[in-house]
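Single-letter residue listing:
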Amino acid sequence: MREKTLSIIKPDGVSRNLIGEVVKRLESAGIEIAAMKMIWMTKEQAKGFYKVHEGKPFYESVTDFMSSGPSVVMILKGDDVIKRYRKIMGATNYEEAEEGTIRREFATDIEKNVVHGSDSVENAKFEINYFFNSLEILK
Ligand code: CMP
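The following paragraphs examine the structure supplied in this document. These figures come from a predicted structure and were not determined experimentally.

## Let's talk about the site of the ligand
Close contacts around the ligand come from Lys 10, Tyr 50, His 53, Phe 58, Val 62, Thr 92, Arg 103, Ile 110, Glu 111, Asn 113 and His 116, and that covers them all. In isolation the ligand offers 450 Å² of accessible surface; the protein chains occlude 80% of this area.

Laid out in C-alpha cells, this is it:
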C-alpha cells in the first residue's frame, strides 16, 4: 500500500553531519523524499510533537534534546514506507537495533538515536501535519 511517513533527523544527527548518510540510505532503498526542511523546535513545539509520551520518565529530557538544535524533517513516500523506514532506522534502543541499521551504527544512547519515524498511518498523518502545511505537501 502506498503510504507517507514522517522522518526526523534529530539534533544529534544534524550536529554530527549525518544528514547525507541518512538521505543516502533512504534514496538507496528507493524511498521517495516528498518534502524536506530544516527546523529548530522550541521546547513547546517538541512537547506538542511528543504529546503521546507526556508523563513518561523521558518526556522532559527528550523534549529538551529535541529543542537543543536544528532537525531535518522529511515526508517520505512509498509502498509500505512506514514499516520499511522503521527497518532502516532500527529499534529505538540502539543496543537492540539490528546490525546495519542507522541507530545501531550511529546512535549514542536511547535518547540521542539520530532519527525518528512515525509508527502508524494515524500517527504519520498527525506528525506530517504537525510540521508541514498544505502548500508544502505536494501530493
Ligand atoms: P523516538 O522514536 O523519536 O520516540 C520517542 C523518543 O524518546 C525516542 O525516539 C528517544 O529519542 C526518546 N527516549 C528516551 N528514552 C526512551 C525510552 N526509554 N523509551 C522510548 N523512547 C525514549
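## Quick notes on helix H7 (residues 121–131)
Among the residues of H7, Ala 124, Glu 127, Ile 128 and Phe 131 are the ones counted as buried. Taken end-on, H7 shows its buried residues confined to a sector of 100 degrees, consistent with a single buried face. Residues of H7 that are exposed and point over 90 degrees away from its buried face: Glu 122, Lys 125 and Asn 129. At its buried positions, H7 is contacted by strand E1 (2–9), strand E2 (32–39), helix H3 (43–49), strand E3 (71–79), helix H5 (81–89) and strand E4 (115–117).

## Things to note about helix H2 (residues 19–28)
Within H2, burial applies to Val 22, Val 23, Arg 25 and Leu 26. One side of H2 holds all its buried residues, which, seen down the axis, span an arc of 160 degrees. Counted as exposed and oriented over 90 degrees from the buried face of H2: Glu 27 and Ser 28. The secondary structure elements touched by the buried residues of H2 are E1, E2, E3, H5, helix H6 (102–106) and E4.

The rules behind the values
Residues numbered from 1 in each chain as written. Predicted model: local features only at pLDDT ≥ 70, side-chain atom pairs only at ≥ 80, totals over all residues. Heavy atoms only, no water. Near = heavy atom within 4 Å. Areas by Shrake-Rupley, 256 points an atom, 1.4 Å probe, with all protein chains shown as cover. Buried < 20%, exposed > 50% of the residue type's maximum accessible area, 1.4 Å probe, protein only. Helix = DSSP H or I, 4+ residues; strand = E, 2+ residues; numbered from the N terminus. Arc of directions from axis to C-beta. Contact = heavy atoms within 4.5 Å.

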